[in-house]
Amino acid sequence: MIIQYKNLDELKLGEKGIVRQVTEKYAARIERSFPQEDATLVVHIKDYSPLGEKIKYSVHVRVTKISGLSAQAVGWDLHKATRLAFEKLQKEIEHRFRK
């Protein structure tokens, strides 16, 4: 499965590592759901910090080649927001492709 990151360059070095670590963990799980598909996993991250010290993150993940398969999570902790987005995506996959 190909993994494509958007806006990853805007994050700090430690934050990039967190996103890559969580993404690779969940990408392996997602890939098992459709091994014959040539899908791409797109991870789009936005950070919001208007005039404040804390940064709020928005993580949107989607799988190409399969229409409408996406999930989004927002939070103050990047690791938690990324993990929640992938857990929502896994639930969507289980719901849609339950046999």
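Everything here concerns the structure above.
Residues numbered from 1 in each chain as written. Predicted model: local features only at pLDDT ≥ 70, side-chain atom pairs only at ≥ 80, totals over all residues. Heavy atoms only, no water.

Asks: Just to check I follow, could you spell out the pattern of salt bridges for this structure?
Replies: When charged atoms on two side chains of opposite charge get close, those side chains can pair. Counting across every chain of the model gives two salt bridges. Linking Arg-83 and Glu-87 is a salt bridge whose minimum nitrogen-to-oxygen distance equals 3.1 Å. Remark: Glu-87 and Arg-83 occur in helix 2 (residues 78–96); sequence separation between them is four residues, near one turn of the helix. On the basis of relative accessibility, which here comes to 26%, the residue Arg-83 falls in the partly exposed class. Since its relative accessible area comes to 27%, Glu-87 is described here as partly exposed. The salt bridge involving Glu-92 is made with Arg-96; its shortest N-O contact spans 3.4 Å. With Glu-92 and Arg-96 both in helix 2 and four residues apart, this pair spans about one turn of that helix. The class for Glu-92 is partly exposed, based on a relative accessible area of 26%. For Arg-96, a relative accessible area of 35% corresponds to the partly exposed category. (Salt bridge = Lys/Arg side-chain N within 4 Å of Asp/Glu carboxyl O. Helix = DSSP H or I, 4+ residues; strand = E, 2+ residues; numbered from the N terminus. Buried < 20%, exposed > 50% of the residue type's maximum accessible area, 1.4 Å probe, protein only.)

Asks: Is there a simple way to explain the sheet that holds strand 1 (residues 2–6) in this structure?
Replies: Hydrogen bonds between backbone groups are what pair the strands of a sheet, and the pairing can be parallel or antiparallel. Strands sit in the order 1-2-3-4 across an open sheet of four strands; the sheet is mixed. Here the strands that pair on one side only, and so sit at the sheet edges, are strand 1 and strand 4 (70–75). Neighbour to neighbour, the strand axes of the sheet diverge by 15° on average, direction disregarded. Note: strand 3 (residues 56–63) against strand 4, six bridges, orientation antiparallel. (Pairing = 2+ DSSP bridges. Axes fitted to C-alpha atoms, helices over the stretch in contact; angles between N-to-C directions.)

This is a description of form; function is not addressed.
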